[in-house]
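Next come the chains, spelled out residue by residue.
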Amino acid sequence: MAAVWHEIRSGAWLTQSRLRGYSAILIAAYVIAAGLWVVQAQGWVDRNNKPLGTDFSNVYAAGTLALAGKPAAAYDWPTEYAAEQATFDGKNVPFYGWHYPPLFLMAAAALALLPYGVALATWMTITLIPYIFAMRAIVRRTITPLVALAYPAVFVNLGHGQNGFVSAALLGGALLLLDKRPVVSGIFFGLLAYKPQFGILIPLALLVSGRWSVIASAAATVIATCCATLALFGTSVWTAFLASTALTRSIVLEQGSTGWEKIQSMFAAVRMWGGGIDLAYAAQGCLVLGVAACLIWLWRSDAASALKAAALATAALIATPYVLDYDLMILAVAIAFYVRHGLARGFHDFEISLLAFVWIAPLLARVVAGSTGIPLGLLAQAALLTMILNRARQEISTAYERTRLAQA
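Residues numbered from 1 in each chain as written. Predicted model: local features only at pLDDT ≥ 70, side-chain atom pairs only at ≥ 80, totals over all residues. Heavy atoms only, no water.

Draft legend 1. Layout of the overall build of the protein. Summing up its helical and strand segments, the protein has 19 helices and zero strands in all. The C-alpha atoms of the protein give 22 Å as radius of gyration, which agrees with the globular expectation for 408 residues (22 Å, within 12%). In terms of overall dimensions, the protein has C-alpha extents of about 75 × 50 × 45 Å along its principal axes. Burial statistics for the protein: of 408 residues in total, 50% are counted as buried. Total accessible area on the protein stands at roughly 18,000 Å², and carbon and sulfur atoms take up 67% of it. (Helix = DSSP H or I, 4+ residues; strand = E, 2+ residues; numbered from the N terminus. Rg over C-alpha atoms; globule rule 2.2 N^0.38 Å. Buried < 20%, exposed > 50% of the residue type's maximum accessible area, 1.4 Å probe, protein only. Areas by Shrake-Rupley, 256 points an atom, 1.4 Å probe, with all protein chains shown as cover.)

This is the structure in structure tokens:
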């Protein structure tokens, strides 16, 4: 038992050969499972009568409505559902609502120019590649692409035809280029506005650290993309989007139609445990305030930039009440920046094992929450942020002590 504890504490159990082997096994399992699922499908509908790429069906349907000159209709649920059913020859597939800002409607319209299966494969491929490149740019090791591809949230994202690869690539690129290419960094931050729930704390970190060129570039990008949607779709699409947010908040978030086990937030945890809506919002608000205070301290401090980046990526997830398990793709960015820091300065006790826990969490989060009520995804986020802040505190304290002794 002592030997096992030592392995966990030191992280010696996770050798590079084991990391490579575990990653290869997971990827092989993903490929086999996906292959079996696809070959059993009929007309792009699986054996459970769900579309392949489930959530992608709402993207494709919204795109077809935009191409038909009815972009605002994507926010009308009966019309959107009819478009989804038409995509699959009138089959009674489940409804997947379109809740994105009109910014994302431009990508949806482009994808809808292709047949559904081709569009899904194209979307997954052209978004997976920049995610892998971003991870490789953060951690410059030959094993990085393999580990990044094996990250369990990749499989969850692929299964849902979702946009987690885009979110991870944009946030990872923005944080990586923050100092060297601030204008490009701002563009990436601005494009991330297609999922505005992740932007609750990002502007705060940029403000307290005085990243004015990044902020200006991000603002200009948001304005430019909004103007593009107005030029392409008119003002009605924004009116329809804003009108739809109340229903989305009520049905999808507050009533949990998505499923509490899928949502990895404090809000969802409280609701899953039987708490009321007001209590859930209060708990989420207190958590956001606490995380915001930690970010202000960290981003104003002399902590390493990799730790600041890892903390912001993690905080972006924790801050929103609506974060799905496929959104845990963003945790890959936080893990990568922490690994980057650890490779440069060494890993402390338990850090490697905790990183491994966070890495595997997306594979288990939905099942564990659904069967036990334990919000594993939320716990993984909190554990990672705590480790980041503790590491930053230790290093700042050590640097201060060295300076004090040198001046004595």
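We are not done yet, so read on.
Draft legend 2. The layout of surface pockets, seen in detail. For the second largest pocket, the calculated volume is near 680 Å³. Residue lining of the second largest pocket: 27 residues in total, with L14, L19, V147, I335 and V339 positioned closest to the centre. Listed by contribution, the elements that provide at least two residues to the lining of the second largest pocket are α2 (16-39), α6 (116-138), α7 (144-150), α17 (329-345) and α18 (351-372). (1 Å grid on protein atoms, 1.4 Å probe; cavity = no way out; pocket = protein on both sides within 12 Å on 5 of 7 lines; lining within 4 Å. Points joined across faces, edges and corners; volume = space filled by probe spheres on them.)

Draft legend 3. How the structure looks around the packing of helix α15 (residues 277-300) against helix α16 (residues 305-319). Where α15 meets α16, the axes come as close as 10 Å, and the angle between the chain directions of the two elements is 165°. By the criterion of interaxial angle, the relationship of α15 to α16 is roughly antiparallel. The handedness of the crossing between α15 and α16 comes out as left-handed. Across from Q284, L287, V288, V291, L295, L298 and W299 in α15, the residues of α16 making contact are L307, K308, A309, A311, L312, A315, I318 and A319. Here the residues of the contact of α15 with α16 sort into 13 nonpolar, one polar and one charged. (Axes fitted to C-alpha atoms, helices over the stretch in contact; angles between N-to-C directions. Parallel < 35°, antiparallel > 145°, perpendicular 65-115°, else oblique. Left-handed = near helix turned anticlockwise from the far one by under 90°. Contact = heavy atoms within 4.5 Å. Nonpolar A, V, L, I, M, F, W, Y, C, P; charged D, E, K, R; others polar.)

Draft legend 4. Region of interest: the environment of R300. Its location among the elements puts R300 in helix α15. We classify R300 as exposed; its relative accessible area is 60%. With 95 residues separating them along the chain, R300 and A205 place their C-alpha atoms 8.5 Å apart.

Draft legend 5. Layout of the side chain of R391. Along the chain, R391 turns up in helix α19 (residues 376-407). Judged by relative accessible area, R391 falls into the buried class, the value being 1%. Each residue touching R391, except ones within four places of it in the same chain, is listed here: L307, Y338, H341, R345, G346, F347, H348 and E351.

Draft legend 6. Region of interest: the nonpolar core. By size, the foremost hydrophobic cluster in this structure holds 113 residues, and its most contacted members are W98, Y131, Y151, L175 and F189. Ranked by size, the runner-up nonpolar core spans ten residues in total, among them W260, F267, A280 and Y326. (Core = buried A, V, L, I, M, F, W, Y, C linked by side-chain atoms within 4.5 Å.)

Draft legend 7. Highlighting a nonpolar patch on the surface. On the surface, M1, V4, W5, I8 and F350 cluster together into a nonpolar patch covering about 550 Å² of accessible area. Locating I8 in the fold gives a position in helix α1 (residues 2-10). You can call I8 partly exposed: its relative accessible area is 33%. (Patch = residues over 30% accessible without salt bridge, like charges linked within 9 Å, V, L, I, M, F, W, Y side chains within 5 Å. Salt bridge = Lys/Arg side-chain N within 4 Å of Asp/Glu carboxyl O.)

Draft legend 8. Molecular detail of the packing of aromatic side chains. For the structure shown, the criterion picks out 18 aromatic pairs. Ring plane angle 5° and centroid distance 4.7 Å describe the contact between Y30 and F155, whose orientation is recorded as stacked. One end of the pair, Y30, is in helix α2; the other, F155, is in helix α8 (residues 152-160), with 125 residues separating them in the sequence. Of the residues examined, Y30 reaches a relative accessible area of 9% and is grouped as buried. Pairwise contacts between aromatic rings join W98, Y100, F104, W123 and Y194 into one cluster. (Phe/Tyr/Trp six-rings, centres within 6.5 Å; stacked < 30°, edge-to-face > 60°.)

Draft legend 9. Quick look at the packing of α17 against α18. Closest axis-to-axis distance for the α17/α18 pair is 10 Å, and the angle between their directions is 165°. As far as their axial angle goes, α18 and α17 are roughly antiparallel. Between α17 and α18 lies a crossing of left-handed hand. Along the contact surface, α17 presents L331, I335, Y338 and V339, while α18 presents E351, L355, V358 and W359.

Draft legend 10. Empty space enclosed by the protein, seen in detail. All chains considered together, the criterion is met by one cavity of 30 Å³ or more. In this structure, the largest cavity spans a volume of roughly 40 Å³. If you go around the largest cavity, the residues you meet are W260, E261, I263, Q264, S265, A268, A269, M272, A369 and P375. In the lining of the largest cavity, the residues fall into seven nonpolar, two polar and one charged.

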